[in-house]
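Here's the letter readout for the chains.
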Amino acid sequence: GIRYWSVTGVQSCALPICVETEKNRLEREKTEAKAALDAYSGQVFGQYQSRINELLANFNAGFRIDQTETSYVGGRPSSSYKIVINDVPVALGDDDTPANTPSFRNTLSGGDRSALAFAFFVAQAERDPSLASLTLVFDDPYSSQDRSRQFCTQQILGRLALQAKQVVVLSHNPHFLRLLWEYAPPATTKMLQFARMGPQTYIAEWDVVAETQSDYEKDYRTIRAFASDGAGDPRLVARTIRVLLETYLRLRFVGQFLANEWLGDFIEKIRVGHAGSPLA
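Residues numbered from 1 in each chain as written. Predicted model: local features only at pLDDT ≥ 70, side-chain atom pairs only at ≥ 80, totals over all residues. Heavy atoms only, no water.

Caption draft 1: Region of the structure containing the overall build of the chain. Secondary structure summary: the chain contains nine helices and nine strands in total. Across the 280 residues of the chain, 26% fall into the buried class. For the chain, the share of sequence-separated contacts (at least 6 apart) that also reach a separation of at least 24 residues comes to 44%. As presented, the chain carries roughly 19,100 Å² of accessible surface, and 55% of it is formed by carbon and sulfur atoms. (Helix = DSSP H or I, 4+ residues; strand = E, 2+ residues; numbered from the N terminus. Buried < 20%, exposed > 50% of the residue type's maximum accessible area, 1.4 Å probe, protein only. Contact = heavy atoms within 4.5 Å. Areas by Shrake-Rupley, 256 points an atom, 1.4 Å probe, with all protein chains shown as cover.)

Pasting the structure below:
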């Protein structure tokens, strides 16, 4: 057979034997590397899965993820998991999954999918060693969610804002943005809006308080401005007084006045209120 020698003449081998030996070495290294990657992935995915499920529980999502594992389909490492709803695991599925087969696309609502995506992003950001130097951008993180998820989202974004270099939140919901504004440190928080001027769009300061104040707050400010500075239309102020008093009394004495009762009825109930009644 053909024999090859090294330049030094110290080492020689038959070509088929050398090739076979090199192949075995590469396969052994590949197996060892895959085992190490699997072990590392299992540890990391386990931590991600635990944190994601913790966030989903805080959202009262009603589902969790499980069976997170590594996949090498197509020669590229990726992860897969199952959604567990009422203790029933549901596979993610793909484009070929029949519409009548439970999968990611047909078992979660839009709000649940949004909550899951948000939980994935937060878990990833929290584990990033360079978080303190990152700018995080959230586009409508509060979407199709109930109030409990709204407050949970507010708290998570508030914590990330203290950890990251900067957090930018874009939203069409002014009341959610006011929650963030009230939670965040005022010295480092800026409220801006995209405004239109003709065909152009520009960025301007945004008065979140004026934009989100309730009718009761608006009525109060109208009367307060007139009482202190004489500002405003007197007839508008006069019409506002009754509405403000009715709203105040309903809030101050919850349950004491019926929906079809108004200020005259309130006054009569107060006049005849018996001893021990909150109206007395």
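That shown, we press on.
Caption draft 2: Summary view of the packing of aromatic side chains. Enumeration according to the criterion identifies five aromatic pairs in this entry. The ring of tyrosine 48 has arginine 127 sitting right over it, with the charged end atom 5.4 Å from the ring centre. (Phe/Tyr/Trp six-rings, centres within 6.5 Å; stacked < 30°, edge-to-face > 60°. Lys NZ or Arg CZ within 6 Å of the ring centre and 35° of its normal.)

Caption draft 3: Local environment of the pattern of salt bridges. Taken as a whole and judged by the stated rule, the model has eight salt bridges. We note a salt bridge from glutamate 182 to arginine 178, for which the minimum N-O separation is 3.0 Å. Remark: arginine 178 and glutamate 182 occur in helix H5 (residues 174-183); sequence separation between them is four residues, near one turn of the helix. You can call glutamate 182 partly exposed: its relative accessible area is 47%. Relative accessible area serves as the criterion here: at 16%, arginine 178 is assigned to the buried category. Where glutamate 246 meets arginine 242, a salt bridge forms, and the shortest distance between an N and an O atom there is 3.8 Å. (Salt bridge = Lys/Arg side-chain N within 4 Å of Asp/Glu carboxyl O.)

Caption draft 4: Structural view of helix H3 (residues 110-127). With 18 residues, H3 extends 26 Å from end C-alpha to end C-alpha; this agrees with the ideal 26 Å at 1.5 Å per step. Those residues of H3 that sit buried are Gly111, Asp112, Ala115, Leu116, Phe118, Ala119, Val122, Ala123 and Ala125. (Expected span 1.5 Å × (residues − 1).)

Caption draft 5: Inspection of the environment of arginine 239 at higher detail. Within the secondary structure, arginine 239 sits in helix H8 (residues 234-252). Along the primary structure arginine 239 and aspartate 219 are separated by 20 residues, whereas in three dimensions their C-alpha atoms are 9.6 Å apart.

Caption draft 6: Examining a nonpolar patch on the surface more closely. A cluster of nonpolar residues, Val137, Leu170, Leu192, Phe194 and Ile203, forms a patch on the protein surface that exposes about 500 Å² of accessible area. In this fold, valine 137 is placed in strand E6 (residues 135-139). Look at valine 137 and you get partly exposed, because its relative accessible area is 48%. (Patch = residues over 30% accessible without salt bridge, like charges linked within 9 Å, V, L, I, M, F, W, Y side chains within 5 Å.)

Caption draft 7: Geometry of the side chain of glutamine 49. Position of glutamine 49 relative to the elements: it lies in helix H1 (residues 15-58). Within the structure, the side chain of glutamine 49 is placed 3.4 Å from the side chain of aspartate 66, a separation counted as a polar contact. (Polar contact = N/O pair within 3.5 Å; in protein donor to acceptor, adjacent residues only side chain to side chain.)

Caption draft 8: Representation of helix H4 (residues 147-163). An ideal rise of 1.5 Å per residue puts 24 Å on 17 residues; H4 measures up with 25 Å between its terminal C-alpha atoms. Those residues of H4 that fall on the buried side of the exposure criterion are Arg149, Gln150, Cys152, Thr153, Gln154, Ile156, Leu157, Gly158 and Leu160.

Caption draft 9: View of the layout of surface pockets. By volume, the largest pocket amounts to about 1,000 Å³. Lining the largest pocket are 32 residues, and of these Val167, Val168, Val169, Lys190 and Met191 sit closest to its centre. Residues belonging to the lining of the largest pocket are distributed by class as follows: 19 nonpolar, nine polar and four charged. (1 Å grid on protein atoms, 1.4 Å probe; cavity = no way out; pocket = protein on both sides within 12 Å on 5 of 7 lines; lining within 4 Å. Points joined across faces, edges and corners; volume = space filled by probe spheres on them. Nonpolar A, V, L, I, M, F, W, Y, C, P; charged D, E, K, R; others polar.)

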